[in-house]
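# Coordinate analysis (summary)
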Amino acid sequence: MDEAPSSPAVEAPTIAPMSLRGLAATIVFGSGALFVLREAGAFLTPILLAVLLAYALEPFVAAFARCRLSRPASVVVTYVVVALALIGCARVVGRQATAFVNELPNTVAAIKAAALRGDRGAEPADRSGTIQNLQSAAANLQATVDGLAPAPRDRVRRVAIADPFDVRDYVLSAWTGVVAMGAQLLMTAVLTFVLLLGGDRLRVKLVDLAGPRFDRQILTIDVIRLIDRQIQRYLVARLAISLIVCAATAAAMWWLGVRQPLVLGAIAGVLNVLPFIGPTIGVAACAVVTFIQFHSVETTLAAGGAAGLVAVLEGNLITPWLTSRAGELNTVAVFVSVLFWGWMWGVWGLLLAVPIMIAIKAAADHIEPLQAVGELLGR
């Protein structure tokens, strides 16, 4: 009996290793791209922020347009409503700042009185206070350092001439930063207005740039629609997170008896938009306002701890879960993107990190060579 001819062995596909020249070119290209992105931050961040604000304001423009207003009139009315809301918030914050400044002398006097009572030390119970413990620890540390320091070989003292403190330099530096940020915000507001006026014209132009081929136009439309849907879901998730933080912080401040808990809750909710930095400032604001009102370290620690607990739960549970579901990103991708874009563009990078990654993932899911990137970023 003849044996059946054996089928030829199928060789496993092999991946050609990257040559040294290709690796070097990739490293050089990546480094150049990072350098360009970092240096162009002052130009790119207002554009990207304007696009994000256009997404956020588009539902309001569409609502006014349904009331039989033209597109330009709807945009103008939306801007007027937003301006009135910002003015109202600024007035509330201004009143809080004025109250803080007016109460500051009483707070400083209370701290000095507590320190003087600690220095007199009439009762042993008073010596166990927080301020007295800090003073005692500082005195012991200074005595230890003085004991370890080598004895001077001579009695000649060195005289160092310190540069005089010039407040004008600091004021000029702060004013320069304020002017630069104001210019960026003005540019962002104008560009947002132009984007809202244009409506779908930019999307139509992007489809035209895809070329005459029908499949490319369909692919471009699918990518644009996916980016629109996911960014809108992300903005809704951010709004829900801010409302949760606002309600939880206000409830905690009300329970502790802090004045105007709703204002503190609103401040914490708004600042929560900025990862890491915003919640820290919100906790510090709650603690400072509580200390100014009660002049008590225990109550201040309780208020700061309550606001910090809300921030920790939001940052580690609520935000990763809602953000990952809204943008279809995994938690690691969200965290790494926030770190990367924060390093690239500072505060603006922290704000734009997740929307940028949402757009990258939406495009990568529909472009075949980049589908591995989309799979890496996905849940």
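The next subject is the packing of aromatic side chains. Using the criterion set out here, one finds 4 aromatic pairs in the structure. Summarising the aromatic geometry, the rings of phenylalanine 340 and tryptophan 343 are spaced 6.1 Å apart at their centres and angled 50° between planes, so their arrangement reads as tilted. Separated by 3 residues within a single helix, phenylalanine 340 and tryptophan 343 lie in helix α11 (residues 331-345), roughly one turn from each other. Taking the relative accessible area as the measure of exposure, phenylalanine 340 reaches 29% and is therefore partly exposed. Relative to tryptophan 345, the ring of tryptophan 341 has its centre 5.0 Å away and its plane inclined at 45°; by these criteria the two rings are tilted. Taken together, the residues tryptophan 341 and tryptophan 345, both in helix α11 and 4 residues apart, mark about one turn of the helix. By relative accessible area, which is 8% here, tryptophan 341 ends up buried. What links up through ring pairs into an aromatic cluster is the set Phe340, Trp341, Trp343 and Trp345. Directly above the ring of tryptophan 343 sits arginine 38, whose terminal nitrogen or CZ lies 4.9 Å from the centroid.

For residues that are not glycine, phi is negative in most cases, and the peptide bond is trans in most cases. Here the phi dihedral of glutamine 260 falls at roughly 50°; this positive angle occurs in a residue that is not glycine. If you trace the backbone, glutamine 260 turns up in the loop between α7 (214-256) and α8 (261-271). The exposure class assigned to glutamine 260 is partly exposed, which follows from its relative accessible area of 43%. In this model, histidine 295 sits at a positive phi of 55°, which is unusual for a non-glycine residue. Within the secondary structure, histidine 295 is located in the loop between α9 (277-294) and α10 (297-327). According to the relative accessible area criterion, histidine 295 is partly exposed, its value standing at 33%.

Confidence in the prediction for the protein averages 76 pLDDT; 75% of positions are at 70 or higher. Within the model, the stretch residues 12-16 combines pLDDT values under 50 with 0 contacts to residues more than four positions away or in other chains.

Attention now moves to the environment of proline 261. Within the fold, proline 261 resides in helix α8. Along the chain, proline 261 and threonine 249 lie 12 residues apart, while their C-alpha atoms are 7.7 Å from each other. Ignoring anything within four residues of it in the chain, the contact list for proline 261 reads Ala250, Met253 and Trp254.

The subject of this paragraph is α11. Between the first and last C-alpha of α11 there are 21 Å, a value that for 15 residues agrees with the 21 Å anticipated at 1.5 Å per step. All buried positions along α11 are accounted for by Ala333, Val334, Ser337, Val338, Trp341, Gly342, Met344 and Trp345. Buried residues along α11 cover an arc of 155° about the axis, so they all sit on one side. A positive backbone phi angle near 70° is found at glycine 346, which sits one or two residues after α11.

A few words now on the pattern of salt bridges. Where charged atoms from two side chains of opposite charge come close, those side chains can pair. All chains considered together, the criterion is met by 2 salt bridges. Linking glutamate 58 and arginine 71 is a salt bridge whose minimum nitrogen-to-oxygen distance equals 2.9 Å. Within this pair, whereas glutamate 58 is found in helix α2 (residues 41-65), its partner arginine 71 is found in helix α3 (residues 71-120), the two being separated by 13 residues in sequence. A relative accessible area of 26% places glutamate 58 in the partly exposed class. Of the charged contacts, one joins aspartate 365 and lysine 361 as a salt bridge, the two residues approaching to 2.6 Å between their closest N and O atoms. Of this pair, aspartate 365 and lysine 361 both sit in helix α12 (residues 347-366), 4 residues apart, roughly one helical turn. The exposure class of aspartate 365 is partly exposed, given its relative accessible area of 30%. Residue classification places lysine 361 among the buried residues on the basis of a relative accessible area of 6%.

Parameters and conventions
Residues numbered from 1 in each chain as written. Predicted model: local features only at pLDDT ≥ 70, side-chain atom pairs only at ≥ 80, totals over all residues. Heavy atoms only, no water. Phe/Tyr/Trp six-rings, centres within 6.5 Å; stacked < 30°, edge-to-face > 60°. Helix = DSSP H or I, 4+ residues; strand = E, 2+ residues; numbered from the N terminus. Buried < 20%, exposed > 50% of the residue type's maximum accessible area, 1.4 Å probe, protein only. Lys NZ or Arg CZ within 6 Å of the ring centre and 35° of its normal. pLDDT = per-residue confidence, 0-100. Contact = heavy atoms within 4.5 Å. Expected span 1.5 Å × (residues − 1). Arc of directions from axis to C-beta. Salt bridge = Lys/Arg side-chain N within 4 Å of Asp/Glu carboxyl O.

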